[in-house]
Amino acid sequence: MLNVNEFGAATAPAVMIVHGLYGSARNWGVIAKRLSDSFRVYTVDLRNHGFSPHTDTHSYPEMAADLAETIDNLGGPMQLVGHSMGGKAVMTLALTRPDIVSRMIIADIAPVAYTHSQLPFIHAMKAVDLTKVARRSDAEAQLAELGVEPALCSFFTQSLDLAEKRWRLNLETLENDMDKIMSFPQLDGPFESPTLFLSGATSEYVQPEHRTLIKSLFPHAKFAKLRGAGHWLHADKPREFEAAVRSFFVG
């Protein structure tokens, strides 16, 4: 089963937050703690990330099956938030196990294939000389020298195990299956429960031309944007993101 962090009263309505590529449950700790006054919040590490199992493959049907096993074990159904890759995993779960998803927020991603590549970031992380890393700032400096922007340097190094001098990301599998990560499986809809596609206003991940496909799979989908936020909308506008979750989810 996936590694799970838990916040809030066991009797409160359940919410699960699913991170994006190169992320972890830890990235969502602040938002999860704030939401825990009204919800039982679970944050998970997806396979090949954080403290969850590292595997030889990384596909959306597999990620959805991992989530289903975890939710079944915790006693679903649940309301889910999925960001980026995590949003695709949550959509796949909703389309294959709708019985355990009561409603969901998909953060800045569409059920489509994208053409840009995330491989340069893997190559940069692989290039870090971990024998010269005593603190996160040492790794951040090396990543910066390799052309990674400061915000991403800080984000990536949250997945660094300083004691073991290794990444808590299965970089080999993520590199080998990057084509699967950038795509989306061919699945039949519809998922009939409430769904919110929440995007960053300055992000280009969810385009108007995606709405026909989205509506065919998720006919009750609503759309909203966070002003002044990009793809990492929960980091750019955390209070506004939190407010959107509170207003859409059932407490």
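Since we're looking at a predicted model, the values are computed, not measured.

**Quick notes on the overall build of the chain**
And then number 1: If you tally the helices and strands in the chain, you get 11 helices and 9 strands.
And then number 2: Its C-alpha atoms give the chain a radius of gyration of 17 Å, within 12% of the compact-globule value 18 Å for 251 residues.
And then number 3: Principal-axis analysis of the C-alpha atoms gives the chain an extent of 50 × 40 × 35 Å.
And then number 4: For the chain, with 251 residues in total, the buried portion stands at 53%.
And then number 5: Pairs at least 24 apart in sequence give 75% of the contacts found in the chain among residues at least 6 apart.
And then number 6: Working note: accessible area of the chain is about 11000 Å², and carbon and sulfur atoms make up 51% of it.

**A word on the environment of Ala 113**
And then number 1: Along the chain, Ala 113 falls in the loop between strand E5 (101–107) and helix H4 (119–127).
And then number 2: Residues Ala 113 and Leu 35, spaced 78 residues apart in sequence, show a C-alpha to C-alpha distance of 32 Å.
And then number 3: Once residues lying within four places of it in the same chain are set aside, the contact partners of Ala 113 are Lys 88, Met 182 and Ser 183.

**Description of unusual backbone geometry**
In most cases, non-glycine residues show a negative phi, while peptide bonds are predominantly trans.
And then number 1: Note the cis peptide between Gly 76 and Pro 77, where omega equals 5°.
And then number 2: On the secondary structure map, Pro 77 appears in the loop between helix H2 (60–74) and strand E4 (78–83).
And then number 3: The linkage connecting Gly 189 with the following residue, Pro 190, adopts the cis geometry, with an omega of 0°.
And then number 4: In this fold, Pro 190 is placed in the loop between helix H8 (178–182) and strand E8 (195–200).
And then number 5: With phi around 55°, Asp 108 is a residue other than glycine that occupies positive phi space.
And then number 6: Tracing the chain through its elements places Asp 108 in the loop between E5 and H4.
And then number 7: Unlike most non-glycine residues, Lys 165 shows phi in positive territory, near 50°.

**Considering helix H11 (residues 238–248)**
And then number 1: Buried within H11 we find Phe 241, Glu 242, Ala 244, Val 245 and Phe 248. Buried positions in H11, seen along its axis, are confined to an arc of 160° and lie on one side of it. Opposite the packed face of H11, turned more than 90 degrees from it, sit the exposed residues Arg 239 and Ser 247.

What counts and what doesn't
- Residues numbered from 1 in each chain as written.
- Predicted model: local features only at pLDDT ≥ 70, side-chain atom pairs only at ≥ 80, totals over all residues.
- Heavy atoms only, no water.
- Helix = DSSP H or I, 4+ residues; strand = E, 2+ residues; numbered from the N terminus.
- Rg over C-alpha atoms; globule rule 2.2 N^0.38 Å.
- Buried < 20%, exposed > 50% of the residue type's maximum accessible area, 1.4 Å probe, protein only.
- Contact = heavy atoms within 4.5 Å.
- Areas by Shrake-Rupley, 256 points an atom, 1.4 Å probe, with all protein chains shown as cover.
- Arc of directions from axis to C-beta.

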